[in-house]
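Notes for the structure review
Listed here are the chains, written in short residue letters.
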Amino acid sequence: MDSKTLSSRLRELVKFLGTVKGDLANVTGPPSLLAPSSVVEVGHCWAQRPSVFSAPALEPNLENAPPPEQVSHHPPITAMHVSDRAHGVRADGYARVEMTFGGASGVLIRQVGHATLRIERFDEDWLVPLPDVRVRGFLSGFYRKDEFKGRKKEALFEVAGCWSEGWTAKDLRTGKVIEVYEVGAEGTEAIPMDIELVGEQDPWESRRAWDGVLQGLRAGDMRAVVAEKSKIEQAQREMRASEARRGHTWEPLFFKSLLGEQHDVFHRLSEGLGWQLHHEKTKGVWKMDDGKVQNLQRPFRAGMTPFGY
């Protein structure tokens, strides 16, 4: 993207943000601001460096990484699951993102949800909160600051560094650096996602479902982007209306929703921390339905596509 195009898009972004009140996640922005990939692909970063993901089990081989899924459109909620079954490491999580624009104060991104990490070898469960993020100065094109804040009683360890370069872990009780991690060091290289060609994907997989929009974005054809985006969104509205008339509830492919009180891991590990589950904001607690995944075959939803029944 050349500087002229970038400048034009930034002006369009500023103009658009100035008209928005409330949660940015619930509004539709100009087509030129669309990202070239779906938000459901964000979770692949957990599996991007298999040696790091499997490090708790001391094995570097990630053998199973089922896809994430958007389990709700209104509000937008995405669930994910990554596992190395051979070595007993799995991560599960879900999130609803709320964003507000405060002018000079930047964009506040609030993530409602969390992730858990299970290590069978040590019979351990870890609770991973999703921090709030404030992005400042992004309109200048030169500077961005991300802030991660949370509650703590007494800090025992400190991890500091740069996401794209590496970081150090320090024991604050002794002041000793106990581990150093370098992004891209030998054995920790990022691996690309193994994805079928678009024509071989199921109609419900994100890159095929949004293929028309993505082609328009790559070609810089905003008219085509708007037409393709409107086509799939209108079809989804009509499908939800049809389901409501028939008393049918849409069911995700990979995940199931549980009641908040059924999330034993969260309640056990968050005891005394003052953390709230906020399951009422995420339509429950989302968990991978292992039975569905084991028996799932293409076509995922026979007789229907994102464009209708």
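Everything below is about the structure shown above.
Presented here is a report on the structure given in the accompanying data block.

Definitions and limits used
Residues numbered from 1 in each chain as written. Predicted model: local features only at pLDDT ≥ 70, side-chain atom pairs only at ≥ 80, totals over all residues. Heavy atoms only, no water. Helix = DSSP H or I, 4+ residues; strand = E, 2+ residues; numbered from the N terminus. Expected span 1.5 Å × (residues − 1). Buried < 20%, exposed > 50% of the residue type's maximum accessible area, 1.4 Å probe, protein only. Polar contact = N/O pair within 3.5 Å; in protein donor to acceptor, adjacent residues only side chain to side chain. Contact = heavy atoms within 4.5 Å. Axes fitted to C-alpha atoms, helices over the stretch in contact; angles between N-to-C directions. Parallel < 35°, antiparallel > 145°, perpendicular 65-115°, else oblique. Nonpolar A, V, L, I, M, F, W, Y, C, P; charged D, E, K, R; others polar. 1 Å grid on protein atoms, 1.4 Å probe; cavity = no way out; pocket = protein on both sides within 12 Å on 5 of 7 lines; lining within 4 Å. Points joined across faces, edges and corners; volume = space filled by probe spheres on them. Patch = residues over 30% accessible without salt bridge, like charges linked within 9 Å, V, L, I, M, F, W, Y side chains within 5 Å. Areas by Shrake-Rupley, 256 points an atom, 1.4 Å probe, with all protein chains shown as cover. Salt bridge = Lys/Arg side-chain N within 4 Å of Asp/Glu carboxyl O. Core = buried A, V, L, I, M, F, W, Y, C linked by side-chain atoms within 4.5 Å.

**Some words on helix α5 (residues 222-246)**
The end-to-end C-alpha separation of α5 is 36 Å, in line with the 36 Å expected for 25 residues at 1.5 Å each. Along α5, the residues classified as buried are Val225, Lys229, Ile232, Ala235, Met239, Ser242 and Glu243. The N-capping residue of α5, defined by a side-chain oxygen 3.2 Å from the backbone nitrogen of Arg223, is Asp221. Positive phi appears at Gly247, one or two residues downstream of α5, with a value of about 70°.

**As for the environment of Ala169**
Secondary-structure assignment places Ala169 in strand β9 (residues 166-171). Measuring from C-alpha to C-alpha, the distance between Ala169 and Tyr181 comes to 8.3 Å, with 12 residues separating the pair along the chain. Not counting residues within four places of it along the chain, the set of residues in contact with Ala169 comprises Glu158, Val159, Lys176, Val177, Ile178 and Glu179.

**Thoughts on the packing of helix α4 (residues 211-219) against α5**
Orientation of α4 relative to α5, taken along the N-to-C sense of each, is 170°, at an axis distance of 8 Å. Judged on the interaxial angle alone, α5 and α4 are roughly antiparallel. Packed against α4, whose contacting residues are Gly212, Val213, Gly216 and Leu217, the element α5 presents Met222, Ala224, Val225, Glu228 and Lys229 at the interface. Looking at the contact of α4 with α5 residue by residue, the classes come out as 5 nonpolar, 2 polar and 2 charged.

**A look at the layout of surface pockets**
Approximately 160 Å³ is the volume attributed to the second largest pocket. What lines the second largest pocket is Arg90, Asp92, Thr116, Arg118, Asp125, Val265, Lys287, Met288 and Asp290. Residue assignment for the lining of the second largest pocket shows that the elements contributing at least two residues are β3 (89-101), β4 (107-119) and β12 (285-288). Each residue belonging to the lining of the second largest pocket can be placed in one class, and the counts come to 2 nonpolar, 1 polar and 6 charged.

**Points about empty space enclosed by the protein**
Under the defined criterion, the tally for this structure stands at 1 cavity of 30 Å³ or more. By volume, the largest cavity amounts to about 50 Å³. Every residue lining the largest cavity is listed: Asp92, Gly93, Tyr94, His114, Thr116, His263, Val285, Trp286 and Lys287.

**Details of a nonpolar patch on the surface**
A cluster of nonpolar side chains, contributed by Leu156, Phe157 and Ile178, occupies part of the molecular surface with about 280 Å² of accessible area. Looking at where Phe157 falls in the secondary structure, it is placed in strand β8 (residues 157-162). By relative accessible area, which is 46% here, Phe157 ends up partly exposed.

**Brief notes about the nonpolar core**
Among the nonpolar cores identified, the biggest contains 15 residues, and Val71, Ala79, Tyr94, Phe254, Phe255 and Trp286 are the most heavily contacted of them. Elements supplying a minimum of two residues to this core: β2 (77-84) and β12. In terms of residues, this core owes the most to one element, β12, which gives 3 residues.

**Here we look at the pattern of salt bridges**
Applying the stated criterion across every chain, the model contains 14 salt bridges. Note that Glu120 is salt-bridged to Arg118, the shortest N-O span being 3.4 Å. Between Arg298 and Glu196 there is a salt bridge, with the nearest N and O atoms lying 3.4 Å from each other. With Arg298 in the segment after α7 (290-295) and Glu196 in the loop between β10 (176-182) and α3 (206-209), this residue pair connects regions lying 102 residues apart in the sequence. The class for Arg298 is partly exposed, based on a relative accessible area of 42%. Looking at Glu196, the relative accessible area reads 34%, which means it is partly exposed. Residues joined by salt bridges that share partners form a network here, namely Arg118, Glu120, Asp123, Asp125 and Arg268.

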